[in-house]
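Reading the structure
Listed below, chain by chain, are the residues.
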Amino acid sequence: MRVTTQNGRVLLQNDPETVAGPHAVTAGELRGLGMETVAYIRAVEVEGQDAFAIHAADGTPLAVTDDHETAVRAILQHEMMLVPLH
């Protein structure tokens, strides 16, 4: 896997022989990204209330916030890279 940037965005380019699928990321690819520095946000429900959970790249839950904007700020404040979920 090759990691590059273009216009401030991170681009991941798989080597053809290591592609696991169009939406799959292998454990090796996560390690290559620096799993400790990559996070994503998922909408969740906590005690009947809508919330937003912050997860590390490997799926480990890190925090829960009331709104998406706070989750984004928390990720950036901790110098992590926010990646989108599809």
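Residues numbered from 1 in each chain as written. Predicted model: local features only at pLDDT ≥ 70, side-chain atom pairs only at ≥ 80, totals over all residues. Heavy atoms only, no water.

1. Section: helix α2 (residues 68–77)
For α2, every residue scored as buried is listed here: Ala71, Val72 and Ile75. Projection of α2 onto a plane perpendicular to its axis shows the buried side chains occupying an angular sector of 100 degrees, all on one side. Looking at α2, the residues exposed on the side facing more than 90 degrees away from the buried face are Glu69 and Gln77. On its buried face, α2 sits against β3 (38–46), β4 (49–56), β5 (61–65) and β6 (81–82). Put simply, Asp67 is the residue that caps the front of α2, since its side-chain oxygen is 3.2 Å from the backbone nitrogen of Glu69. Glu79 lies just past α2 and shows a positive phi near 55 degrees. (Buried < 20%, exposed > 50% of the residue type's maximum accessible area, 1.4 Å probe, protein only. Helix = DSSP H or I, 4+ residues; strand = E, 2+ residues; numbered from the N terminus. Arc of directions from axis to C-beta. Contact = heavy atoms within 4.5 Å. Polar contact = N/O pair within 3.5 Å; in protein donor to acceptor, adjacent residues only side chain to side chain.)

2. Looking at the pattern of salt bridges
Evaluation of the coordinates by the stated rule reveals 1 salt bridge. Arg73 is the salt-bridge partner of Glu69, the closest N and O atoms lying 2.7 Å from each other. One end of the pair is Glu69 and the other is Arg73, both in helix α2 and 4 residues apart, which spans about a single turn. (Salt bridge = Lys/Arg side-chain N within 4 Å of Asp/Glu carboxyl O.)

3. Quick look at the pairing of β3
In this sheet, β6 lies alongside β3 in parallel orientation, the contact comprising 2 bridges. Residue pairing across strands places Val38 opposite Met81, the latter belonging to β6. Of the pairings in the sheet, the one linking β3 to β4 comprises 8 bridges and is antiparallel in character. Each residue of the ladder has a partner; that of Ala43, found in β4, is Phe52. Linking two consecutive strands that pair antiparallel, namely β3 and β4, is a turn of 2 residues; a positive phi of about 50 degrees is found at Glu47 within it. (Pairing = 2+ DSSP bridges.)

4. Describing the side chain of Thr65
Along the chain, the position of Thr65 falls in strand β5. For Thr65, a relative accessible area of 12% translates into the label buried. Here the side chain of Thr65 touches Asp67 through a polar contact of 2.9 Å, landing on its backbone oxygen.

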